[in-house]
Amino acid sequence: MVMRVLVTGGAGYIGSHLVDRLVHLGHNVTVIDNLSTGSLQNLHGAQPHIEFVEGSILDEALVERLVRGTDVVFHLAAAVGVGHIVEKPLASLITNVRGAEHVIGAAMAYDKRLLVASTSEIYGKTKKMPMSEDDDRVLGSTTIARWGYSTAKAIDEHLALAHAAEGRRVSVVRYFNSYGPRLDPRGYGSVVANLMRQALNNEPLTVHGDGTQTRCFTYVTDTVECTVRAGLDDGAQGLVFNVGNDRETTILELARKIIALTGSRSDVSFVSYEARYGKSFEDTVRRVPDVRRARDVLNFSARVDLDEGLQRTLTWWRETYA
Ligand code: UDP
């Protein structure tokens, strides 16, 4: 069935890939994006087929008008990326709390199907691996800016789930380190983007700490496929899903892979967390998703492995920045 779909943050890195996929599936797509970290370049292929509205989710009247005219809302607009959050904590919190409240409120007021994009940052510094959707969250002090992101997104999730408990059609996805074409060193996916840029410029690859911290890198087509299913499948309603690959990679291993893949003359340079993020920064040492719910409910498993995903990202990078 063809649907009218609103994607907030649809010019962003994950958002624009989601838009491409929804257009490909034949849906009528509208995008609202303030082009803060997103760009029209990301929508180059999709733009003839969509309606693009430049605007902020902080503009409540605009959000309401756009939501009213759609069937399904994918809410991806947010201030993302740890660097960004730590640099601009206040603006990030306002976007991620008040902006999300506008989108969730409008979608519920007009009885629309809603998907809320959240983050693996929700789990904080828990030591339990893999991270399952119903696990405890373990956070640090409010004096550490990083945890404001997790907290803001948790409010969004609570709101969504409270509406779901009242019988509304809502689902939530938590992204685990998505990477791929269009990633932007300033925004989400910063480690892959940063290291690839450094490798291609033959600059040292900045590995924070000792590089033994791990992440599960998820190629963007996998991220998007799971998002579409969580947003459109009836069985997904009222549920939270981890969206990711469960193959764990250390940051040092990632850096070495990128050096080998690009044929770079660069070496690894270890940088202290304090030098990069300032005092009182706490990193997540390991982050591994439990992927069983996405598999069992959505019949989804990540398909693209890291070597292949990095190769595709590099091909895009070379075409774009040649
Ligand atoms: N990181 C790094 N070098 C960089 C950027 C990031 O070593 O140039 C590390 C960062 O400290 C973290 C991991 O890579 O341990 C992933 O960082 P990113 O910001 O990509 O995402 P996060 O998973 O922390 O949200």
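Notes on the structure in this doc start here. (Residues numbered from 1 in each chain as written. Predicted model: local features only at pLDDT ≥ 70, side-chain atom pairs only at ≥ 80, totals over all residues. Heavy atoms only, no water.)

## So, the site of the ligand
Residues in close proximity to the ligand total 15 residues, the closest being Thr206, His208, Arg215, Asp283 and Arg287. Contacts to the ligand include Asn177, whose side-chain N or O atom sits 2.9 Å from an oxygen atom. Val191 places a polar main-chain atom, nitrogen or oxygen, 3.0 Å from an oxygen atom of the ligand. Considering the ligand on its own, with 520 Å² of exposed area, one finds that the protein chains cover 94% of that surface. Elements represented by at least two residues in the shell around the ligand include exactly helix H6 (190-200) and strand E8 (205-208). (Near = heavy atom within 4 Å. Polar contact = N/O pair within 3.5 Å; in protein donor to acceptor, adjacent residues only side chain to side chain. Areas by Shrake-Rupley, 256 points an atom, 1.4 Å probe, with all protein chains shown as cover. Helix = DSSP H or I, 4+ residues; strand = E, 2+ residues; numbered from the N terminus.)

## Some remarks on the sheet that holds strand E5 (residues 113-119)
Reading across from one edge, E3-E2-E1-E4-E5-E6-E11 is the order of the 7 strands in this open sheet, with parallel pairing throughout. A single partner strand is all that each edge strand has here, and the edge strands are strand E3 (50-54) and strand E11 (240-243). Recorded for the sheet is a direction-independent mean angle of 20 degrees between the axes of neighbouring strands. Relative to strand E6 (residues 170-175), E5 is paired through 6 bridges, and the arrangement is parallel. Opposite Val116, over in E6, you have Val172 as the bridge partner. (Pairing = 2+ DSSP bridges. Axes fitted to C-alpha atoms, helices over the stretch in contact; angles between N-to-C directions.)

## Topic: the pattern of salt bridges
For the coordinates displayed, the defined rule picks out 16 salt bridges. Glu203 is paired through a salt bridge with Arg197; the nearest N and O atoms lie 3.9 Å apart. For Arg197, a relative accessible area of 29% gives the class partly exposed. Linking Glu248 and Arg286 is a salt bridge whose minimum nitrogen-to-oxygen distance equals 2.6 Å. Linking Glu248 in the loop between E11 and strand E12 (249-250) with Arg286 in the loop between helix H9 (273-277) and helix H10 (292-298), this pair joins segments that are 38 residues apart in sequence. Using a relative accessible area of 26% as the deciding quantity, one classes Glu248 as partly exposed. Several salt bridges share partner residues, and in doing so they unite Arg21, Glu225 and Arg229 into one network. (Salt bridge = Lys/Arg side-chain N within 4 Å of Asp/Glu carboxyl O. Buried < 20%, exposed > 50% of the residue type's maximum accessible area, 1.4 Å probe, protein only.)

## Quick word on the nonpolar core
Core analysis: the biggest nonpolar cluster contains 57 residues, and Phe74 and Tyr179 have the highest contact counts within it. By residue number, the principal contributor to this core is helix H8 (residues 251-262), which donates 6 residues. Dropping the residues within four chain positions of it, Phe74 is found in contact with Val5, Leu6, Val7, Thr8, Leu18, Leu22, Leu115, Thr227, Val228, Gly231 and Leu232. Counting 23 residues, the second-largest nonpolar core is a separate cluster that includes Leu6, Leu62, Val67 and Val116. (Core = buried A, V, L, I, M, F, W, Y, C linked by side-chain atoms within 4.5 Å. Contact = heavy atoms within 4.5 Å.)

## Brief notes about the packing of aromatic side chains
Applying the stated criterion across every chain yields a total of 6 aromatic pairs. Relative to Trp317, the ring of Trp316 has its centre 6.0 Å away and its plane inclined at 85 degrees; by these criteria the two rings are edge-to-face. By the burial criterion, Trp316 is buried, and Trp317 matches it. Clustering of aromatic rings is evident, with ring pairs tying together Tyr179, Phe217 and Tyr219. The ring of Trp147 carries Arg146 above its face, with NZ or CZ at 5.7 Å from the centroid. (Phe/Tyr/Trp six-rings, centres within 6.5 Å; stacked < 30°, edge-to-face > 60°. Lys NZ or Arg CZ within 6 Å of the ring centre and 35° of its normal.)

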